[in-house]
Amino acid sequence: MKYHLNYILLFAIVFFAACNNNQKMEEKKLHNEPAFPKGEKVVSENFTGSVWLNYLAETDSIHNVNIGSVTFEAGARTNWHYHKGGQILLVTEGKGLYQEKDKPIEIIEKGDVMKCPPNIEHWHGATPTEAMTHIAIGTNTNIGGAIWLGPVTDDEYNQRIQ
Ligand code: MN
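A brief report on the enclosed structure follows. Keep in mind that this is a model prediction, so the values were computed, not measured.

Thresholds applied
Residues numbered from 1 in each chain as written. Predicted model: local features only at pLDDT ≥ 70, side-chain atom pairs only at ≥ 80, totals over all residues. Heavy atoms only, no water. Helix = DSSP H or I, 4+ residues; strand = E, 2+ residues; numbered from the N terminus. Buried < 20%, exposed > 50% of the residue type's maximum accessible area, 1.4 Å probe, protein only. Contact = heavy atoms within 4.5 Å. Areas by Shrake-Rupley, 256 points an atom, 1.4 Å probe, with all protein chains shown as cover. Salt bridge = Lys/Arg side-chain N within 4 Å of Asp/Glu carboxyl O. Pairing = 2+ DSSP bridges. Phe/Tyr/Trp six-rings, centres within 6.5 Å; stacked < 30°, edge-to-face > 60°.

Considerations on the overall build of the chain
Per the secondary structure count, the chain includes two helices and twelve strands. In the chain, the succession of helices and strands from N to C terminus is α-β-β-β-β-β-β-β-β-β-β-β-β-α. For the chain, buried positions account for 30% of its 162 residues. Of the contacts made within the chain by residues no fewer than 6 positions apart, 68% connect residues no fewer than 24 positions apart. A total of about 10,400 Å² of accessible surface is found on the chain, and carbon and sulfur atoms cover 57% of it.

Written out as structure tokens, the structure is:
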């Protein structure tokens, strides 16, 4: 009889653990949590404002890409910079801004895909009022990574959006 009780207990534990796990998954869906947590706060002179990074994949000699999910709180943005091997941005949350040198600021939002060609100066970030998260894919990392330039000034950031 004791043998049976042990099995019943084990079954009950597994059953309730499974229910609990399902409940957590349902809660995640209900609250629409992002697939990737926002990660660690970035401490770097290459950004203005509060920026978070979840480094998802480091480059290697087979793939030659690095991948990170970057979250910009409202008002936050990168410095001007360019990528020797180019970059692709997949916007996963919110609304942000993207600008290439001598071109108007573009609004980017959840679902947008932006290709940053190699060696073209640009910046990306949140809007002044809304946070934005994108997955940044550094491409052709065997050619080279980001080259960082000066900050995007408040005047540059607050230009009228065309
Ligand atoms: Mn970039």
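Things to note about the environment of Ile88
Within the fold, Ile88 resides in strand β7 (residues 87-100). We classify Ile88 as partly exposed; its relative accessible area is 23%. Separated by 48 residues in the primary sequence, Ile88 and Ala136 have C-alpha atoms spaced 6.0 Å apart. Those residues in contact with Ile88, other than ones at most four positions away along the chain, are Val113, Met114, Lys115, Ile135, Ala136, Ile137 and Thr139.

As for the pattern of salt bridges
For the coordinates displayed, the defined rule picks out five salt bridges. A salt bridge links Asp154 to Arg77, with the nearest nitrogen and oxygen atoms 2.8 Å apart. Of this pair, Asp154 sits in helix α2 (residues 154-157) while Arg77 sits in strand β5 (residues 77-78); the two residues are 77 residues apart in sequence, bridging distant segments of the chain. We note a salt bridge from Glu93 to Lys110, for which the minimum N-O separation is 3.8 Å. In this pair, Glu93 is assigned in strand β7 and Lys110 in the loop between β8 (106-109) and β9 (113-116), connecting sequence segments 17 residues apart.

Considering the pairing of β8
Sheet topology note: the β7/β8 ladder contains four bridges and is antiparallel. For Leu97, the partnering residue across the bridge sits in β8 and is Ile107.

Structural notes on the packing of aromatic side chains
Tallied over the entire structure, the rule returns three aromatic pairs. Judged by centre distance (5.4 Å) and plane angle (50°), the rings of Phe47 and Trp148 are tilted. Placement of Phe47 in strand β2 (residues 47-48) and of Trp148 in strand β12 (residues 146-148) is noted, with a sequence separation of 101 residues between them. Pairing Trp123 with Tyr157 gives two aromatic rings, centres 5.8 Å apart and planes at 55°, and the pair type is tilted. With a gap of 34 residues between them, Trp123 in strand β10 (residues 122-126) and Tyr157 in helix α2 connect regions that are remote in the sequence. Grouping residues by exposure puts Trp123 and Tyr157 together as buried.

Some points on unusual backbone geometry
Phi is positive for Asn64, which is not a glycine, with a value near 55°. Tracing the backbone through its elements, the reader meets Asn64 in the loop between β3 (51-57) and β4 (66-72). The backbone of Asn140 shows a phi angle near 50°, a positive value even though the residue is not glycine. In this fold, Asn140 is placed in the loop between β11 (132-138) and β12. You can call Asn140 partly exposed: its relative accessible area is 37%.

Digging into the pairing of β4
In the case of a regular strand, side chains alternate between the two sheet surfaces. Summarising burial for β4: five of the seven residues are buried, a large majority. Direction of pairing for β3 relative to β4: antiparallel, over a ladder of six bridges. The partner of Asn54 across the bridge, within β4, is Ser69. Sheet topology note: the β4/β11 ladder contains seven bridges and is antiparallel. By the bridge assignment for β11, Ile67 is matched with Ile137.

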